[in-house]
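For reference, the chains in residue letters:
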Amino acid sequence: MTNPAYTRRRFLTHTGAFTVGTAAFGLSGCGSGSSPAAPNIIAAESERPKLPYGFQIGDIADGRAVVWSRSDRPARMRVEFDTTEGFLNPRQVLGPTATEASDFTSRIELTGLPSGEKIFLRVSYDSATDLKIGSELATGSFRTLPAPDGKRPVRFVWSGDTAGQGWGINPEFGGMKIYEAMRKRQPDFFVHSGDNIYADGPISAEVKAENGRTWKNLVIPEVSKVAETLNEFRGRYRYNMMDENIRRFNAEVPQIWQWDDHEVTNNWSASKDLSADNRYTEKNIQTLIARGKQAFLEYAPMRWGDQPESQRVYRRILYGPLLDVFVLDMRSYRGPNSTNLQAVENDASAFLGSTQVKWLKDSLAQSTATWKVIAADMPIGLQVPDGKDASGNPRWEAIANGNDGVPLGREIEMASLLRDIKSIKNVVWITADVHYCAAHYYDPALAQFTDFSPFWEFVAGPLNAGTFGPNLLDATFGPQVKFQKAPPTGQANLSPFAGFQFFGEVNIDPQTKAFTIDLRDLDGVSVYSNTLPPAA
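These notes cover the structure that comes with them.

Okay, the overall build of the chain next. For the chain, the helix and strand inventory stands at seven helices and 25 strands. For 536 residues, the compact-globule estimate of 2.2 N^0.38 gives 24 Å, and the chain sits close to it at 23 Å. Principal axes of the C-alpha set define a box for the chain whose edges measure 70 × 55 × 50 Å. Here the chain holds 536 residues, and the buried ones make up 61% of them. Taking contacts inside the chain between residues at least 6 apart in sequence as the whole, the part at least 24 apart equals 73%. About 19700 Å² of surface is accessible on the chain, with carbon and sulfur atoms providing 50% of the total. The centroid of the 56 positive side-chain charges in the chain is displaced by 3 Å from the centroid of its 62 negative side-chain charges.

What follows is the structure, given as structure tokens:
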């Protein structure tokens, strides 16, 4: 199989995944507002569709939200929603039929939702062979965008790296408990900063952990080896949603997904060479990218109707007058991982790519929100190695190149970006990827490249994966470590037993407009806090 040159139309037609139904709040949508949530018929349990993974809410916007779910067979999706928990005046929308072409995933976009309200949901499926036979109801709720007056506080959480390094769902441990810790914080939304799955990381029934302990994983065939087939990539997402903490979290917290490398394979770019990796029988990286991206797009609760580019991941989420979130894609447009020392900007030194950089500059300039959060799937100044090239020179996976001098390689693109946005106030970067938590302050007074305004970068993760770090810093942009929490020296790939699992939390005060960051551990306890006042 070669990498298909999908247009957006061909991709949607092939998968059937992104056909959406819409419902205006206060209207009956595709059905009667008084219709029951599911057809009232007694049927054998085996005849009823199932929702084994519940549902997700994603990419909330002004008056809109995406609701995603998956059936276990061909079935028509149905969503009921109301502003009252008792569903006193429910409205419903009938969505697309989930089919095998999209791995039985489907999504509906709700529209016309009132701002500043809590929306209650009931999600179900109707059998494609008999629409009178319905599934059980999956229930949940979420908050819509704040009212334009900006009087409601904003709270969101972020992190990355789920089920990595063989540390999967351990029922004896309580599953992926950090998702429950995040849910209890009652955030408005969650940014998954990438590595939603570890397609290249087999999960075994038992893994030896630190201190002689044994980690016992729930396993299914699709996670027993590296993902190569489309079903194996899809199975990784299904696996994560077997965790009850994740399903409960998904039903209450809208999500914003971005991706990184492990959705396909470790440190991939279009030039990735798998010829020496005996775990793979499929050596064509383009084939793996196509399959990995299709699975990601099928399972991410994302909106695609607004995107001008086929299958585009980077986007802007406008979250009321206090906040805009700029979601980056640091994977799809990069040049090959190399020594990263190019003296001039070219295709080999690309990281975000010229089109995405221009979009980010323009979007930041257009933003009227108080705070502009850039959600990056990799950090700026941390050195992230990727082995060595054929000549034995260090090869780099992220932006930094281990050279503390003037910008070279991918740093050239970043220098241009930082220079052109230096007049934009209240820009904060959030990221994950390196499997520990940290707070970095980038200071032009200490940098080799000085033509930018100082800014903060906050690092969280992992959610449920091995813990590593800390990584070395590259001095080109003058980063300072203000805080970090990582395994003790000499220890790496610690299991969740060790407790080094982290997420970040942001709170924006509507009165003072102060921006408070907390880095929280597996139990939701803050290990670092910092409040940033808004620039005048």
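Turning our eyes to something else, we now look at unusual backbone geometry. Of note, the amide linkage connecting glycine 461 to proline 462 takes the cis form, showing an omega dihedral of 0°. Take proline 462: it is sitting in the loop between strand E21 (455-459) and strand E22 (479-485). The step from glycine 469 to proline 470 runs through a cis peptide bond, and the omega angle for that step is 0°. The topology assignment puts proline 470 in the loop between E21 and E22. Its identity as a non-glycine residue notwithstanding, aspartate 103 has a phi of 60°, on the positive side. Tracing the chain through its elements places aspartate 103 in the loop between strand E5 (91-98) and strand E6 (105-111).

Across the five residues that make up strand E15 (residues 323-327), a large majority, five, are buried. As judged from the four bridges shared by strand E14 (residues 315-318) and E15, these two strands associate in the antiparallel manner. Looking across to E15, one finds that leucine 318 is bridged to aspartate 324. The pairing of E15 with strand E16 (residues 371-375) spans five bridges and is classified as parallel. Bridge pairing in E16 links phenylalanine 326 to isoleucine 374.

Contact geometry of helix H6 (residues 354-366) with helix H7 (residues 410-420) gives a least axis separation of 10 Å together with a crossing angle of 15°. Relative to H7, the element H6 is oriented roughly parallel. Between H6 and H7 lies a crossing whose hand is right-handed. Between H6 and H7, the residues in contact are Val357, Leu360 and Lys361 and Glu413, Ser416, Leu417 and Asp420, respectively. Taken together, the residues that form the contact of H6 with H7 break down as three nonpolar, one polar and three charged.

To continue, consider the pattern of salt bridges. Any two side chains of opposite charge can pair, on the condition that their charged atoms come close. This structure, assessed with the given rule, holds 34 salt bridges. Put simply, lysine 225 and glutamate 228 hold a salt bridge, and the shortest N to O gap is 2.8 Å. According to the relative accessible area criterion, lysine 225 is partly exposed, its value standing at 29%. Look at glutamate 228 and you get buried, because its relative accessible area is 7%. Residue glutamate 298 pairs with arginine 234 through a salt bridge whose shortest N-O separation is 2.8 Å. Highlighted residues: glutamate 298 in helix H5 (residues 285-299) and arginine 234 in helix H3 (residues 230-240), separated in sequence by 64 residues. Residue classification places glutamate 298 among the buried positions, given a relative accessible area of 0%. Overall, the relative accessible area of 8% leaves arginine 234 in the buried class. What emerges from the salt-bridge pattern is a single network uniting Arg70, Asp103, Glu222 and Arg238.

The rules behind the values
- Residues numbered from 1 in each chain as written.
- Predicted model: local features only at pLDDT ≥ 70, side-chain atom pairs only at ≥ 80, totals over all residues.
- Heavy atoms only, no water.
- Helix = DSSP H or I, 4+ residues; strand = E, 2+ residues; numbered from the N terminus.
- Rg over C-alpha atoms; globule rule 2.2 N^0.38 Å.
- Buried < 20%, exposed > 50% of the residue type's maximum accessible area, 1.4 Å probe, protein only.
- Contact = heavy atoms within 4.5 Å.
- Areas by Shrake-Rupley, 256 points an atom, 1.4 Å probe, with all protein chains shown as cover.
- Lys, Arg positive; Asp, Glu negative; His and termini not counted.
- Charge placed at Lys NZ, Arg CZ, Asp CG, Glu CD.
- Pairing = 2+ DSSP bridges.
- Axes fitted to C-alpha atoms, helices over the stretch in contact; angles between N-to-C directions.
- Parallel < 35°, antiparallel > 145°, perpendicular 65-115°, else oblique.
- Left-handed = near helix turned anticlockwise from the far one by under 90°.
- Nonpolar A, V, L, I, M, F, W, Y, C, P; charged D, E, K, R; others polar.
- Salt bridge = Lys/Arg side-chain N within 4 Å of Asp/Glu carboxyl O.

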